[in-house]
Amino acid sequence: MSENHTRQHRTSRPFRARALPPWSLVAAGVLAGGLLGGGYGVLRTPEYTATSYVIAVPTSGSDTATALGFAQAYGRVATQLAVLGDAQVEAGVPVRTLRDSVRTATSPDAPMVAVSAVSARPSRATDMANAVARALIRHADAAKAGTHVGLLQFSRAVAPTEPGSASAGVTGLVGASAGGLLGALALLVRPRRRPEDDTVRPASVPGPAVAADAHGQL
């Protein structure tokens with residue numbers, strides 16, 4: 001009985017020696033995250049962004065500060081249905097596509113509105129950005145008599161040559177970082193091994209009574 005127990009204990013020690021080191025969780029997370037992130041970057045459809053700029057210009061009876069204020073207002077109006085409805089024919093897409101694809105940005109220091117459009121096709125992104133910018137100019141001209149501020153085309157959108165979405169290398173790095181972080185968290189919350197689990201227990205030796213009984217049987 002004692003020999004069997006000693007053999008079982010000896011056979012369990014090499015298995016413990018072959019256990020993976022703790023840092024393997026982090027390495028596995030980095031590898032898995034990098035592969036998933038890179039694969040997502042390769043399979044995802046690239047997106048192209050085109051931007052058109054319009055500038056607010058004061059007319060007689062107005063000033064630059066007023067033009068700056070109206071530029072902020074027109075930046076919010078550009079994505080409203082009234083403007084997008086006028087731009088859909090020229091852009092060649094429905095209003096819903098314009099609402100999902102067009103974004104505007106303004107500056108607190110310059111009376112300028114940036115109209116950006118995103119699409120999987122560079123030419124479509126360009127057409128949408130220019131169409132919305134021209135529709136916004138028409139709306140500003142219609143209200144110029146009351147606002148004393150007009151909009152002018154500052155820069156037309158041109159077809160982008162490179163996608164604005166992140167490349168496979170960037171998404172792979174992001175995935176590797178996230179995977180390493182998850183692996184480190186798993187390493188922190190994993191159960192700790194108690195010191196007594198690694199302590200070698202002495203082999204049991206039969207007592208005198210057991211030895212005497214065994215001798216009597218012989």
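It should be emphasised that the depicted structure is a prediction, and the values quoted were computed from it without experimental measurement.

Asks: Give a description of the sheet that holds strand S1 (residues 48–58) that names residues and reports values.
Replies: The strand order across the open sheet formed by 4 strands is S2-S3-S1-S4, and the pairing between neighbours is antiparallel. Either end of the sheet is taken by a strand with one partner, and the two such strands are strand S2 (102–106) and strand S4 (149–155). Neighbouring strand axes in the sheet, compared pairwise and without regard to direction, differ in orientation by 25° on average. Pairing of S1 with S4, which is carried by 6 bridges, proceeds in the antiparallel orientation. Bridge assignment links Val57 to a residue of S4, and that residue is Gly150. Contacting S1, S2, strand S3 (112–119) and S4, helix H6 (residues 122–142) runs over the sheet at an angle of about 145° to S3.

Asks: Could you give me a rundown of the side chain of Ser101, with the residues and numbers involved?
Replies: Position of Ser101 among the secondary structure elements: in helix H5 (residues 95–101). A relative accessible area of 13% places Ser101 in the buried class. Separated by 2.9 Å, the side chain of Ser101 and the backbone oxygen of Thr97 make a polar contact. If we ignore the near neighbours within four places in the chain, the residues touching Ser101 are Ser116, Ala117, Val118 and Met128.

Asks: Describe the pattern of salt bridges, naming the residues involved and giving the relevant values.
Replies: Pairing between side chains of opposite charge can happen when their charged atoms approach one another. Using the criterion set out here, one finds 2 salt bridges in the structure. The partner of Glu90 in a salt bridge is Arg134, and the shortest N-O contact between them spans 2.3 Å. Here Arg134 lies in helix H6 and Glu90 lies in helix H4 (residues 81–91), a separation of 44 residues in the sequence. Take Arg134: its relative accessible area is 25%, and that puts it in the partly exposed class. We note a salt bridge from Lys144 to Asp141, for which the minimum N-O separation is 3.7 Å. Assessed through its relative accessible area of 32%, Lys144 is described here as partly exposed. The partly exposed category is assigned to Asp141, whose relative accessible area is 38%.

Procedures and definitions
Residues numbered from 1 in each chain as written. Predicted model: local features only at pLDDT ≥ 70, side-chain atom pairs only at ≥ 80, totals over all residues. Heavy atoms only, no water. Pairing = 2+ DSSP bridges. Helix = DSSP H or I, 4+ residues; strand = E, 2+ residues; numbered from the N terminus. Axes fitted to C-alpha atoms, helices over the stretch in contact; angles between N-to-C directions. Contact = heavy atoms within 4.5 Å. Buried < 20%, exposed > 50% of the residue type's maximum accessible area, 1.4 Å probe, protein only. Polar contact = N/O pair within 3.5 Å; in protein donor to acceptor, adjacent residues only side chain to side chain. Salt bridge = Lys/Arg side-chain N within 4 Å of Asp/Glu carboxyl O.

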